[in-house]
Each structure stands twice: as structure tokens, then as C-alpha cells.
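Examining the three-dimensional arrangement
The primary structure of each chain is shown beneath.
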Amino acid sequence: MSDLNGQVRRSDDAAPRKTIYDIAGLSGVSPATVSRYLNNSSAVSAPLRQRIAQAITQLDFRPNPMARALANRRTGIVALAVPSIDNPRWPEVARGLETRLTEAGYNLVLINLGDGRERELRGLEQVLRIRAEALAVAMLTYQEGDFARLQREGVQIAILSNDIESDMLDAILPDRVAGVRLAVEHLALLGHRRIALVDRPDSLPGARARIDAFTAAGQVMGLDGDALHCVPIQHGTITEGQAAASRVIAQGVTAAIASSDLVAVGLWIGLEDASVRVPRDISLVGMDDIPAAALMRTGLTTLALDRVERGRLAAELLLVRLAGHGPASPRRLAIPPRLVVRSTTAPPPA
């Protein structure tokens, strides 16, 4: 507090916080015995428990919950680390996670990993700095051993990304491969024979699996391999989708599948900027079914992947692991896609 001249002075009412050493001295036991009593250990006899309880009451002792949490390595923090919080898919995953974690008494902390190997590694270090007990993670530059230090520190991990290749951890993954197959089947049944897939480079495991599924699905639907075209983009953004429009047009396709709704929206804008109308000239399918997909002009045909449920399932897996009841082998859960047909797909032009 301060006096009338603004000088800070110590309050006479301020008393130092009582500690277990004060309780030990007053009750005539060791600090270790007081600690065992506070942690409800059965090793403390009834007479000692009574003496310690009386000392606590007399000293008006109040345990420091943060100190106890740190001592027990329990902070109640679960981290969600994702490539970009600008992507609308992640807030919904976070909502599913947070709702279930809050019910169980945990707090969710969001970490934006950003682009690039260095930033992602810094993000993993941040998980250690905040002493998170568990981590749900999606990243683009994963390498074997990236999670080794986290695991040594006892952090429970659940994978949210198809770009993390690990069979040793629990995973809750959107089945985008099945989504690509559904999209190809939908377009082929409409009569499209030349289709493009706009996706990240095949150096990413998730993109590589989608590209393979695209080729295989085309063969199943009787499409000529030369009529299936992959148009690579570096980032899954509206801007990248818009820039890819000219390359899609150059392939002479009548339909395109985008790896996300953000890319699809950008592609839609880019096509119409080039006087190519959707779906009259080129049909368009996105993936994710973000809220904007239904609101964008007359609505985007897309593959819905329940992101809130994905977050909830991730929380359930982590809570089981935190409680020490998880199965010996990792669990892998898939979020199935659902085709949502709106106005951006139609039969090809005559």
C-alpha cells in the first residue's frame, strides 16, 4: 500500500504465508509427515493426523494449489497445437476439445505452430514450458523423434493430422482419402471425364495419400489416367486457391476437387475472375464443410468432416491416458466424410 505522498510502505497487516514447516514445528512432527497428511496418505497415524489438523487450524494454513500442482507435476493443462489458427477448421476442433476437457477439470491452451520446421519445433518446446500434461497436435514437418522429449516428460499425445506418420501414438484423423473417393465418384456419375485435384505437394504424407486415392478412384470409375490432373499448391489458403485457377483452366478439366474449403473458395473466385463460371463451365468440390461453405454465394459442394466430434474424441482419448487406464496399443479413430451437395457441381457442359 502507499501513503499520501505516494510512497510505498509495508502494511502492518501483511503476514508471511504459513508453510508446512510452521505446521511441523507446532505439531511436533516432521515436514515430510505434514506433506503426507496433506496428500491424504494412509501412512499418517490417527493421533498424528489430529495434531496436524489442530496446527493447521491454529495457523489458519491454506495450501497453495499452484505449488502443489507443480510439485505433483499436475497442472491441469492440455495443449492444442495446430499449423494455423486462421484456418476455420481448428476453432471447431478446439471447441470439441475444450467442452469435454472442462467437464473433466482441465484447461485448454492453444498454440499456433505456423509454417516451417523451426516454428513447429519452437511450438513443441512451448508445450514443455507451460508444463502441459497432454497434447493434441497437427503439424506439417513431423520427423521421427519429434515427440521423444515430450514423452520422456510424461506428456500424453494424440495426433490430429494425416501428415504425422506414427503408429505409436493415439490418433483421431479425418478420413480425407475416403473424401477424395466420394468426390471423384460424385463427379464421375455426373458425367465428368476430366478432373483436377488441387492439393499440397506429394512430399507431405497426407497429400500423397489423397493423390493416390484420386488416381485409384478415377480408375474405379473408368476414367482415363491422362484425364486426371494434380495441381499442387504450397499452402491451403484462399490466396493459393485463387492463384491455382489459371493452372486448373489450362488442364482443360470440367471439374476440380480442392483439399479444403478455403482452397475451394479461392479457386471459385479465381475461376470467375477468369470468366469461367461455376458450375456451368467447371464443377467444384471442397472439403471440410466450414460454415462459409454454405454461405458462399449459392453454396459449395463439399465433404463434411465433423470437427467438433474430432475434438471431443481427442479429449476422450487423452483423458483416458491421463487417468492411466488407456489400452496398451495406440488407438486410431477415423472421422468419416459425408458428401454435401450444393450448387457448385452439375453435369459437364455439352
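Calculation criteria
Residues numbered from 1 in each chain as written. Predicted model: local features only at pLDDT ≥ 70, side-chain atom pairs only at ≥ 80, totals over all residues. Heavy atoms only, no water. Buried < 20%, exposed > 50% of the residue type's maximum accessible area, 1.4 Å probe, protein only. Helix = DSSP H or I, 4+ residues; strand = E, 2+ residues; numbered from the N terminus. Right-handed = clockwise from strand over helix to strand, strands pointing away. Pairing = 2+ DSSP bridges. 1 Å grid on protein atoms, 1.4 Å probe; cavity = no way out; pocket = protein on both sides within 12 Å on 5 of 7 lines; lining within 4 Å. Points joined across faces, edges and corners; volume = space filled by probe spheres on them. Contact = heavy atoms within 4.5 Å. Axes fitted to C-alpha atoms, helices over the stretch in contact; angles between N-to-C directions.

For the rest of this paragraph, the subject is the pairing of strand 1 (residues 77-82). On a regular strand, one side chain projects to one face of the sheet and the next to the other, so that they alternate. Among the six residues of strand 1, six are classified as buried, and the element is accordingly described as predominantly covered. Neither face of strand 1 is left uncovered, since the one carrying Ile77, Ala79 and Ala81 and the one carrying Val78, Leu80 and Val82 both have all their residues buried. Taking the sense of rotation as the criterion, the β-α-β connection linking strand 1, helix 5 (residues 89-103) and strand 2 (residues 107-112) turns out right-handed. Judged from the four bridges that link them, strand 1 and strand 3 (residues 134-137) form a sheet pairing that is parallel. Bridge pairing in strand 3 links leucine 80 to alanine 136.

A water-sized probe rolled over the atoms picks out the places where empty space is left. Roughly 610 Å³ of volume is contained in the largest pocket. Considering the residues around the largest pocket, the lining is formed by 31 residues, among which Pro83, Asn87, Arg89, Arg200 and Gly236 are closest to the centre. When residues of the lining of the largest pocket are traced back to their parent elements, those giving at least two are helix 5 and helix 9 (205-220). For the lining of the largest pocket, the element with the most residues is helix 9, which contributes three residues.

With that out of the way, let us pick up unusual backbone geometry. Residues valine 278 and proline 279 are joined by a peptide bond in cis, for which omega reads 5 degrees. Looking at the element boundaries, proline 279 is found in the loop between helix 11 (261-273) and strand 9 (283-285). In this structure, aspartate 288 is a non-glycine residue whose phi angle is positive, near 130 degrees. Note that aspartate 288 resides in the loop between strand 9 and helix 12 (291-295).

Let us now look at the environment of valine 184. As for its placement among the helices and strands, valine 184 is situated in helix 8 (residues 176-190). Along the sequence, valine 184 and alanine 196 sit 12 residues apart, while their C-alpha atoms lie 9.7 Å from each other. Excluding residues within four positions of it along the chain, valine 184 makes contact with Phe214, Ala217, Gly218, Met221, Leu223 and Ile257.

Now for the sheet that holds strand 5 (residues 170-174). Spatially, 2-1-3-4-5-11 is the arrangement adopted by the six strands of the open sheet, whose pairing is parallel. Because the sheet does not close on itself, it has two edges, and the strands there are strand 2 and strand 11 (332-335). Taken over all neighbouring pairs, the strand axes of this sheet differ in orientation by 20 degrees on average, direction set aside. Sheet topology places strand 5 next to strand 11; four bridges connect them, and they run parallel. Within the sheet, the bridge partner assigned to proline 174 lies in strand 11 and is isoleucine 335. In this fold helix 6 (residues 117-129) packs onto strand 1, strand 2 and strand 3, with an angle of close to 160 degrees to the strand it touches most, strand 2.

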